[in-house]
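Below, each chain spelled out in residue letters.
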Amino acid sequence: MAPILQIKNLRKTYEGGFEALKGVSLDIEEGEIIALLGPNGAGKTTLISTLCGITIPTSGNATVGGFDIQRDFRAARNLIGLVPQEIALEQFETVGNAVRLTRGLFGKRRDDAHIDKVLGQLSLLDKKGVRTMALSGGMKRRVLIAKALSHDPRVLFLDEPTAGVDVSLRKEMWEVVAELKRDGVTIILTTHYLEEAEAIADRIAVINKGEILLVEETDKLMQRLGKKQLIVDLRDPLAEIPAALAGFDLALGAEGRCLIYTYDTQSERTGITRLLSELAATGINLRDLSTRQDSLEEIFVGLVREDAA
Amino acid sequence: MNVIAIWSIYRYEMARFFRTILQSFISPVISTSLYFVVFGTAIGSRIQEVEGVSYGAFIVPGLIMLSVMMQSISNASFAIYFPKFIGTIYEILSAPVNFLEVVVGYVGAAATKSLFIGLVILGTASLFVDLSIAHPLAMLAFLVLTCISFALMGFIIGIWAKNFEQLQLVPMLIVTPLVFLGGAFYSTSMLPPVWQTVTLFNPVVYLISGFRWAFFEQADVPVGLSLLAIAGFTALCLGVIWWIFRSGWRLRD
């Protein structure tokens, strides 16, 4: 079956010469959740905006459900729902009217039963007659999702859906996304949280400086990215790693004043408990413990190096 | 044609109008009454008649035009600038609608609002002066066309504006002087010959003249020319908006 979304060599150069997209190509299958992972300014929002018609591409093309986003914009956009990054709502309008407007813009007749269903899914039904100004930030974000779902899109773009959202609401959002996936909706979400991509995406596309660095299944990518380090500060410096600890992936740091243990967060056993027991058994006194994981930027650097190798 | 989208935009915009219906109604009533006090009573006591029509009645078409033009511009410019300002424009740009559908929705609502205000002023004016309309249908046609064409202009201003100051700039610096110098409160025939010629370069003269003809069968310029001017202005505005949507100027980047 043809991918529901096909992007071919999409470029966007803004006035002033800034190249936000440098020939992005990507195929997305129907029903999958794909996370566009990248730091601020990577081109995630520009990519989504271009696909949704908010920004005009400089060159290249893309199709949604086989319809060209520029030539057959009506058919393509009919399939799309968009949840923007910024909360944009008219404060004096009620939730119900805001959702009704979006449904109407997509050429769908007024259907209060459907709108009630969507609002119910997002725990907003009791807020239908409430003005959006009276809602909390999390609720406003859910209203944006309700608007995007008001016309039954087959492809949903979520631009940083959990930016500035607390932990419980983030989990709630993930549940909404999972439910949409069960309904067969294809979801493209942008995030700069690795944890978020890992939790909900089937595939992760890493994007930086307007280029897609790699696209990989989440499980496989996490195996590559899941390394973490345990830093053991020692009371007395070591000249070398004791032979009893040879079985561990250890390195000496800070002129022998700390041991650095690299382990895989994805594996069933990290080996930390065993290492600490061995350290005690060999009579090494500890002063402090800390852990460290590569930042997204460091991971990107690593990925670029790997790709170049 | 996405008729449902047009209707949705129109209804949404009109809902904002109905939320403040009292202000929308009272404001033109008060301002019209004030105009009659100032122009009708103060000046009218010195100028009894203009070309056989009492001065009080003579200024009614000009008064209506003045308000309708300003209201059309301000309604339409605000209607499109506000979504740009608060960010909700994204849903118009990402919806399966073309430029004409967006324009019909927004401009239609803006024109309806100013038409309502124009009729309120007409009603208020009829309380102050004896008013007869020689060609009611032509009067309505001129009124509707003016509402639409100036709402189109307001729509362009709303897209062009980068802040609220710019939103006020064109109506204040260009449209208001053109209306006041366009024979709203006098006949251009009352001017010296040189200024009569200069006035012909003011497009508003043609609109007010045509509108006044519908009331009193008196015109500063031929009625056909007035209709041509308003049609040309509408076509020009539509052309500019078509180009804006096509290029994405100040909208899609």
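Higher on the page you've got the structure.
Residues numbered from 1 in each chain as written. Chains lettered and ligands numbered in written order. Predicted model: local features only at pLDDT ≥ 70, side-chain atom pairs only at ≥ 80, totals over all residues. Heavy atoms only, no water.

(A) Representation of the overall build of chain A in the model. Looking only at helices and strands, chain A features 10 helices and 14 strands. Overall size of chain A, expressed as C-alpha extent along the three principal axes, is 75 × 45 × 40 Å. Excluding contacts between residues fewer than 6 apart, the proportion of contacts in chain A whose partners are at least 24 apart in sequence is 68%. Surface summary for chain A: the accessible area is close to 14500 Å², and the carbon and sulfur share equals 47%. If you average the places of the 39 positive and of the 45 negative side-chain charges in chain A, the two averages end up 6 Å apart. (Helix = DSSP H or I, 4+ residues; strand = E, 2+ residues; numbered from the N terminus. Contact = heavy atoms within 4.5 Å. Areas by Shrake-Rupley, 256 points an atom, 1.4 Å probe, with all protein chains shown as cover. Lys, Arg positive; Asp, Glu negative; His and termini not counted. Charge placed at Lys NZ, Arg CZ, Asp CG, Glu CD.)

(B) Structural context of the overall build of chain B. Within chain B one finds 10 helices and 2 strands. Mapped from its N terminus to its C terminus, chain B presents α and β elements in the order α-α-β-β-α-α-α-α-α-α-α-α. For chain B, the C-alpha radius of gyration of 19 Å lies close to 18 Å, the compact-globule estimate for 253 residues. Its C-alpha atoms put chain B at 60 × 40 × 35 Å along the principal axes. Within the span of chain B, comprising 253 residues, buried residues form 51% of the whole. (Rg over C-alpha atoms; globule rule 2.2 N^0.38 Å. Buried < 20%, exposed > 50% of the residue type's maximum accessible area, 1.4 Å probe, protein only.)

(C) View of the packing of helix α6 (residues 136-160) of chain B against helix α7 (residues 164-180) of chain B. Residue and element names in this part refer to chain B. Contact pair α6 / α7: the axes reach a minimum separation of 8 Å and the direction vectors enclose 135 degrees. Relative to α7, the element α6 lies oblique. For the pair α6 and α7, the sense of crossing is right-handed. Each of Phe150, Met153, Ile157, Gly158 and Trp160 in α6 lies in contact with α7, whose residues at this interface are Gln166, Leu167, Leu169, Val170, Pro171 and Val175. Class assignment of the residues belonging to the contact of α6 with α7 gives a composition of 9 nonpolar, 2 polar and no charged. (Axes fitted to C-alpha atoms, helices over the stretch in contact; angles between N-to-C directions. Parallel < 35°, antiparallel > 145°, perpendicular 65-115°, else oblique. Left-handed = near helix turned anticlockwise from the far one by under 90°. Nonpolar A, V, L, I, M, F, W, Y, C, P; charged D, E, K, R; others polar.)

(D) Quick peek at the interface of chain B and chain A. Listed by partner, the interface residues are 28 residues for chain B and 32 residues for chain A. For the pair chain B and chain A, the interface holds 5 salt bridges. One salt bridge connects Arg19 of chain B with Glu90 of chain A, and the closest N-O pair in it is separated by 3.5 Å. Summed over the shared surface of chain B and chain A, the number is 11 residue pairs in polar contact (both at pLDDT 80 or more). Looking at the side of chain B that touches chain A, the elements that each hand over two or more residues are α1 (3-19), α3 (55-86), α4 (89-93) and α10 (223-247) of chain B. Among the elements that take part in the side of chain B that touches chain A, α1 of chain B stands out by supplying 8 residues, more than any other. (Salt bridge = Lys/Arg side-chain N within 4 Å of Asp/Glu carboxyl O. Polar contact = N/O pair within 3.5 Å; in protein donor to acceptor, adjacent residues only side chain to side chain.)

(E) Structural detail: unusual backbone geometry. All names here are of chain A. For Glu160, which is not a glycine, the phi torsion comes out positive at approximately 45 degrees. Relative to the helices and strands, Glu160 resides in the loop between β7 (155-159) and α6 (167-182). Non-glycine residue Glu255 carries a positive phi angle of around 55 degrees. Looking at where Glu255 falls in the secondary structure, it is placed in the loop between β12 (250-253) and β13 (258-264). The exposed category is assigned to Glu255, whose relative accessible area is 70%.

(F) Molecular detail of the environment of Gln6 of chain A. Residues and elements named next belong to chain A. Residue placement: Gln6 occurs in strand β1 (residues 5-13). Counting along the chain gives 23 residues from Gln6 to Glu29, while the straight-line C-alpha distance between them is 8.8 Å. Excluding residues within four positions of it along the chain, Gln6 makes contact with Leu26, Asp27, Asn61, Ala62 and Thr63.

(G) Molecular detail of the pattern of salt bridges. Under the definition given, this model contains 17 salt bridges over all chains. Taken together, the shared-partner salt bridges connect Glu90 and Glu93 of chain A together with Glu13, Arg16, Arg19 and Lys113 of chain B into one network.

(H) Layout of the packing of aromatic side chains. Residue and element names in this part refer to chain B. Here the structure, examined in full by the defined rule, presents 18 aromatic pairs over all chains. Ring plane angle 75 degrees and centroid distance 5.2 Å describe the contact between Phe211 and Phe215, whose orientation is recorded as edge-to-face. Of this pair, Phe211 and Phe215 both sit in helix α9 (residues 203-216), separated by 4 residues, roughly a single helical turn. There is no split in this pair, since Phe211 and Phe215 are both buried. The interplanar angle of 45 degrees and the centroid separation of 5.8 Å between the aromatic rings of Phe215 and Phe216 together place this pair among those described as tilted. By the burial criterion, Phe215 is buried, and Phe216 matches it. The positively charged end of Arg212 is found above the aromatic ring belonging to Phe58, 3.8 Å away from the centroid. (Phe/Tyr/Trp six-rings, centres within 6.5 Å; stacked < 30°, edge-to-face > 60°. Lys NZ or Arg CZ within 6 Å of the ring centre and 35° of its normal.)

(I) Representation of the sheet that holds strand β2 (residues 19-28) of chain A. All names here are of chain A. Judged by pairing direction, the sheet is antiparallel, and its 4 strands sit side by side in the order β2-β1-β4-β5 without closing on themselves. A single partner strand is all that each edge strand has here, and the edge strands are β2 and β5 (67-68). The sheet contact formed by β1 and β2 spans 7 bridges and is antiparallel. The partner of Thr13 across the bridge, within β2, is Glu19. Sitting on the sheet, helix α1 (residues 44-52) touches β1, β2 and β4 (59-64), and the angle it makes with β1 is about 115 degrees. (Pairing = 2+ DSSP bridges.)

(J) Spatial organisation of the pairing of β4 of chain A. All names here are of chain A. Pairing geometry for β1 and β4, over 5 bridges, is antiparallel. Considered in β4, the bridge of Lys8 is made with Asn61. Summarising the sheet, β4 and β5 pair through 2 bridges and their orientation is antiparallel. The residue bridging Thr63 from the neighbouring strand is Asp68, located in β5. With antiparallel pairing between neighbouring strands as the criterion, β4 and β5 make up a hairpin whose turn holds 2 residues, including Gly65 at a positive phi of roughly 60 degrees.

(K) Just the nonpolar core, in detail. Within the largest apolar cluster, 141 residues are counted, with the highest numbers of intra-cluster contacts made by Leu5, Ile7, Leu156, Phe157 and Ile187 of chain A together with Ile64 and Phe155 of chain B. Among the elements that take part in this core, α3 of chain B stands out by supplying 15 residues, more than any other. In this view, Leu5 of chain A contacts Leu26, Asp27, Ile28, Leu51, Thr63, Val64, Phe157 and Ile188 of chain A; residues no more than four positions away in its chain are not counted. (Core = buried A, V, L, I, M, F, W, Y, C linked by side-chain atoms within 4.5 Å.)

(L) Fine view of the environment of Ile133 of chain B. Residue and element names in this part refer to chain B. Position of Ile133 among the secondary structure elements: in the loop between α5 (99-128) and α6. As a C-alpha pair, Ile133 and Arg16 span 117 residues in sequence and 32 Å in three-dimensional space. Excluding anything up to four places from it in sequence, Ile133 contacts Leu122, Met139, Ala214 and Phe215.

On their own, these measurements won't tell you what the molecule is for.
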